[in-house]
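Tertiary structure, described
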Amino acid sequence: MTVDFQTWMRAVWTSIMEPTDSARKAIAMNIPRDALWTALALIVVMNVIMVVLLQMISPAPVAFQERAFAMSPFGFVAILSIFLVMFVFGLFYAGQIMGGAGTLHGALTIIVWFQSISLTLEAIQLVLVVISPAIASIFGLLSLGALMWCFLNFINVLHEFNNLGKAFVVIFLALIGTALLAGIVLAVLGIGPAGGMA
């Protein structure tokens, strides 16, 4: 199936405006697990490329720029990969604790679709930075709000809660658990902001 630019942007817009229906459709597609893991790996690489480009063209303070990439892009790929993989499992298990009906495959699907939307918005912001940093900043704030709302509804659909409060708790628990475990793993591997994995 070929997806052109217009179709993709329409899908992204629909996901933001109608996150519940979009999440149901994404899960119902039942995409093979291998394809989802491959897509997640590609998304990680694209995210790092976006961050590097944004830092190169964004008029950030010198102090911020010096700290932003104390590690190599490979280290950043490792950190993001570990975090996202653990976050997938975190969303699944946290949902189970809260009585959710979501599956691990569904959690992976949701993360891949959400990250695809996020990556698209990052690309738009990158273009806007070149045109106007002020407009790009406003767009970034609006995107953050839209993504938070979108993800909350995605998790609500994933675990069939019909309760955004429970979905919020699941996200919170998953983030805390992922941060703790990822921190331990990264420490063991010796990867960190101070110059890991050059």
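These notes cover the structure that comes with them.

About the thresholds
Residues numbered from 1 in each chain as written. Predicted model: local features only at pLDDT ≥ 70, side-chain atom pairs only at ≥ 80, totals over all residues. Heavy atoms only, no water. Helix = DSSP H or I, 4+ residues; strand = E, 2+ residues; numbered from the N terminus. Buried < 20%, exposed > 50% of the residue type's maximum accessible area, 1.4 Å probe, protein only. Contact = heavy atoms within 4.5 Å. Areas by Shrake-Rupley, 256 points an atom, 1.4 Å probe, with all protein chains shown as cover. Patch = residues over 30% accessible without salt bridge, like charges linked within 9 Å, V, L, I, M, F, W, Y side chains within 5 Å. Salt bridge = Lys/Arg side-chain N within 4 Å of Asp/Glu carboxyl O. Polar contact = N/O pair within 3.5 Å; in protein donor to acceptor, adjacent residues only side chain to side chain. Core = buried A, V, L, I, M, F, W, Y, C linked by side-chain atoms within 4.5 Å. Expected span 1.5 Å × (residues − 1). Axes fitted to C-alpha atoms, helices over the stretch in contact; angles between N-to-C directions. Parallel < 35°, antiparallel > 145°, perpendicular 65-115°, else oblique. Left-handed = near helix turned anticlockwise from the far one by under 90°. Nonpolar A, V, L, I, M, F, W, Y, C, P; charged D, E, K, R; others polar.

**A closer look at the overall build of the protein**
When its secondary structure is counted, the protein shows eight helices and zero strands. Along its sequence from the N terminus, the protein presents helices and strands in the succession α-α-α-α-α-α-α-α. Looking at the 198 residues of the protein, the share that counts as buried comes to 39%. Considering only intrachain contacts with a sequence separation of at least 6, the fraction spanning at least 24 residues in the protein is 75%. For the protein, the accessible area works out to roughly 11200 Å², and carbon and sulfur atoms hold 72% of it.

**Focus on a nonpolar patch on the surface**
A grouping of Leu 42, Val 45, Met 46, Ile 49, Leu 53, Met 56, Ile 57, Val 127, Val 130 and Ile 131 is seen on the molecular surface, where their side chains present a nonpolar patch of about 940 Å² in accessible area. Looking at the nonpolar patch, the elements that each hand over two or more residues are α3 (33-57) and α6 (104-131). No other element matches α3, which puts seven residues into the nonpolar patch.

**Things to note about the environment of Trp 113**
With respect to the element layout, Trp 113 can be found in helix α6. The sequence separation of Trp 113 and Ser 22 amounts to 91 residues, and the corresponding C-alpha distance is 9.4 Å. With near-sequence residues (within four places) excluded, Trp 113 lies in contact with Trp 8, Ala 11, Ser 15, Ser 22, Ala 26 and Phe 154. Separated by 3.0 Å, the side chains of Trp 113 and Ser 15 make a polar contact.

**Some thoughts on the pattern of salt bridges**
Applying the stated criterion to the full structure yields one salt bridge. Between Arg 24 and Asp 21 there is a salt bridge; the shortest N-O distance is 3.6 Å. One end of the pair, Arg 24, and the other, Asp 21, are both in helix α2 (residues 19-28), three residues apart, so they sit about a helical turn from each other. When its relative accessible area of 37% is taken as the criterion, Asp 21 is described as partly exposed.

**Description of the side chain of Asn 156**
By secondary structure assignment, the location of Asn 156 is in helix α7 (residues 133-158). Excluding anything up to four places from it in sequence, Asn 156 contacts Phe 161, Asn 162, Asn 163, Leu 164 and Ala 167.

**A short note on the nonpolar core**
Ranked by internal contacts, the top residues of the largest apolar core, which has 37 residues, are Leu 91, Ile 110, Ile 111, Ile 117, Phe 151, Phe 154 and Ile 155. Setting aside chain neighbours within four positions, we find Phe 154 in contact with Ser 15, Pro 19, Ser 22, Ala 23, Ile 110, Trp 113, Phe 114 and Ile 117.

**Focus on α3**
Here α3 is 25 residues long and its end C-alpha atoms lie 36 Å apart, about the 36 Å a rise of 1.5 Å per residue gives. What α3 keeps buried is the set Leu 36, Leu 40, Ile 43, Val 44, Asn 47, Val 48 and Met 50. The inward-facing, buried residues of α3 abut α5 (73-97) and α6.

**Digging into the packing of α5 against α6**
Closest axis-to-axis distance for the α5/α6 pair is 9 Å, and the angle between their directions is 130°. One element, α5, and the other, α6, form an angle in the oblique class. As for how α5 packs across α6, the hand of that crossing is right-handed. Contacts between α5 and α6 pair Leu 84, Phe 87, Val 88, Phe 89, Leu 91 and Phe 92 from the former with Leu 104, Ala 107, Leu 108, Ile 111 and Gln 115 from the latter. Among the residues forming the contact of α5 with α6, the class breakdown is ten nonpolar, one polar and no charged.

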